[in-house]
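Examining the three-dimensional arrangement
In case you want the letters, here they are:
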2 protein chains.
Amino acid sequence: MAARKKNSTYTRNEEHIIECDLTYAVNKINGRWKILIISKLESGKMRFGELKKEFPYMTERMLTLQLRAMEQDGLVKRTVYAEIPPRVEYELTEMALAFGPIFKQLSEWGGKYRLPVKATVEGEG
Amino acid sequence: MAARKKNSTYTRNEEHIIECDLTYAVNKINGRWKILIISKLESGKMRFGELKKEFPYMTERMLTLQLRAMEQDGLVKRTVYAEIPPRVEYELTEMALAFGPIFKQLSEWGGKYRLPVKATVEGEG
DNA sequence: TGCGGTACGAACAAACTTGTAAGTAATGGC
DNA sequence: GCCATTACTTACAAGTTTGTTCGTACCGCA
């Protein structure tokens, strides 16, 4: 995102990390917002402004940065229409769509383990 | 990890995020090392020193921090034996083990999309 | 000429994560 | 007493991510 130092230990470690298929995959969707963006775009292409409305507490800047990074990573396709006012549409690429079932499983994990206490209370009084 | 400010937008946004099952799950395993640690521990309990050897480029401090956080999050169980020199064993809890199949899929994703160019070259010349 | 609408960009600041280096505790062996 | 071992802990520093604010471009409309 913001111009990395290329020789820091931090970056060197990252290089080790993305040698592993698993962590490579996770690295593609790290950050706070990418996963949410992919989730939203799963239902089809959306304009920048539409995405913005979906995440009221995410700033425009963050949305822009994430979308740019995702474009670079081949997760989203960006289509600009030469109109005034501008219109830009975002849609998922095949590789991003392939996250679908994984996200579903992660979501199920979250649903199951989020508040295990609550479940116990219901079951046991 | 290191004493968060409780009223920053950063933290407030996080609270929004963990209301979603999907991002709650991802939040549990974020950071650079947790996923790798879970992967290693999937094959059974390990001592601190054994884990350390598995990740030569991860510092002791990072390993400690991650393990502590994971313990707090209920992902690992920590067993201390009152011996000298000390012996501490780590093992995954049920909720961490439940990540297994998900990690497998993520890994497959990584294997498939990591170097699509290479695959094309082989297939198409 | 000034304003509204869209999708950004840039400068700056705050917060968080990660890495470096050194030190702790307790006991056994020399 | 001094060193080795194991599993940490602390102080410090560097690096990265996230958030705030302001400003751009273009056209149509009043």
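Before reading further, recall that the structure is shown in the block above.
What you are looking at is a predicted structure, and each value in this text was computed from that prediction instead of being measured.

Reading the values: rules and limits
- Residues numbered from 1 in each chain as written.
- Chains lettered and ligands numbered in written order.
- Predicted model: local features only at pLDDT ≥ 70, side-chain atom pairs only at ≥ 80, totals over all residues.
- Heavy atoms only, no water.
- Near = heavy atom within 4 Å.
- Polar contact = N/O pair within 3.5 Å; in protein donor to acceptor, adjacent residues only side chain to side chain.
- Helix = DSSP H or I, 4+ residues; strand = E, 2+ residues; numbered from the N terminus.
- Axes fitted to C-alpha atoms, helices over the stretch in contact; angles between N-to-C directions.
- Parallel < 35°, antiparallel > 145°, perpendicular 65-115°, else oblique.
- Left-handed = near helix turned anticlockwise from the far one by under 90°.
- Contact = heavy atoms within 4.5 Å.
- Nonpolar A, V, L, I, M, F, W, Y, C, P; charged D, E, K, R; others polar.
- Pairing = 2+ DSSP bridges.
- Expected span 1.5 Å × (residues − 1).
- Buried < 20%, exposed > 50% of the residue type's maximum accessible area, 1.4 Å probe, protein only.
- Arc of directions from axis to C-beta.
- Least-squares fit on C-alpha atoms with pLDDT ≥ 70 in both.

1. A few points about the protein's contact with DNA strand D
Taken together, 29 residues form the shell around DNA strand D, and within it A:Arg61, B:Asn13, B:Glu60, B:Arg78 and B:Tyr90 come nearest. B:Asn13 places a side-chain nitrogen or oxygen 2.3 Å from a phosphate oxygen of DNA strand D. In the environment of DNA strand D, a phosphate oxygen lies 2.9 Å from a nitrogen or oxygen atom belonging to the side chain of B:Arg47. Elements represented by at least two residues in the surface near DNA strand D include exactly helix H1 (9-17) and helix H5 (60-72) of chain A together with helix H1 (9-17), helix H4 (48-54), helix H5 (60-72) and strand S3 (87-92) of chain B.

2. So, the packing of helix H3 (residues 34-41) of chain A against helix H2 (residues 21-28) of chain B
Orientation of H3(A) relative to H2(B), taken along the N-to-C sense of each, is 150°, at an axis distance of 10 Å. By the angle between their directions, the pair H3(A) and H2(B) is classed as roughly antiparallel. Between H3(A) and H2(B) the crossing geometry is right-handed. On H2(B), the residues touching A:Ile35, A:Leu36 and A:Ser39 of H3(A) are B:Leu22, B:Thr23 and B:Val26. Taken together, the residues that form the contact of H3(A) with H2(B) break down as four nonpolar, two polar and no charged.

3. Here's the deal with the protein's contact with DNA strand C
Around DNA strand C there are 30 residues in total, and A:Asn13, A:Glu60, A:Arg78, A:Tyr90 and B:Arg61 lie nearest to it. In the interface set of DNA strand C, defined as its atoms within 4 Å of the protein, sugar plus phosphate atoms amount to 73%. Separating a phosphate oxygen of DNA strand C from a side-chain N or O atom of A:Asn13 is a distance of 2.2 Å. Between a phosphate oxygen of DNA strand C and a side-chain N or O atom of B:Thr11, the distance comes to 3.3 Å. Elements with a contribution of two residues or more to the surface near DNA strand C: H1, helix H4 (48-54), H5 and strand S3 (87-92) of chain A together with H1 and H5 of chain B. At four residues, the largest contribution of residues to the surface near DNA strand C is made by H5(A). Partitioned by chemical class, the residues of the surface near DNA strand C number eleven nonpolar, nine polar and ten charged.

4. Points about the pairing of strand S2 (residues 76-81) of chain A
In this sheet, S3(A) lies alongside S2(A) in antiparallel orientation, the contact comprising six bridges. Within S3(A), the residue paired with A:Arg78 across the bridge is A:Tyr90.

5. Looking at H5(A)
Think of an α-helix as 3.6 residues a turn; residues three or four steps apart then line up on the same face. Residues and elements named next belong to chain A. In this model H5 runs 18 Å from its N-terminal to its C-terminal C-alpha over 13 residues, within 8% of the 18 Å that 1.5 Å per residue would give. Within H5 the residues assigned to the buried category are Leu63, Gln66, Leu67, Ala69 and Met70. Viewed end-on, H5 has its buried residues packed into an arc of 165°, placing them on one side of the element. Exposed residues on H5 whose side chains face more than 90 degrees from its buried face are Arg61 and Gln72. On the buried face of H5, the contacting elements are H3, H4, S2 and S3.

6. Focus: the relation of the copies chain A and chain B
For the pair chain A and chain B, the superposition axis carries a translation of 0.0 Å, the fit reaches an RMSD of 0.0 Å, and the rotation angle comes to 180°. Here the transformation between the copies is reduced to the relation of a two-fold axis. Looking at the rotation axis and the C-alpha trace of chain A, the residue lying nearest is A:Ile102, at 3.2 Å.

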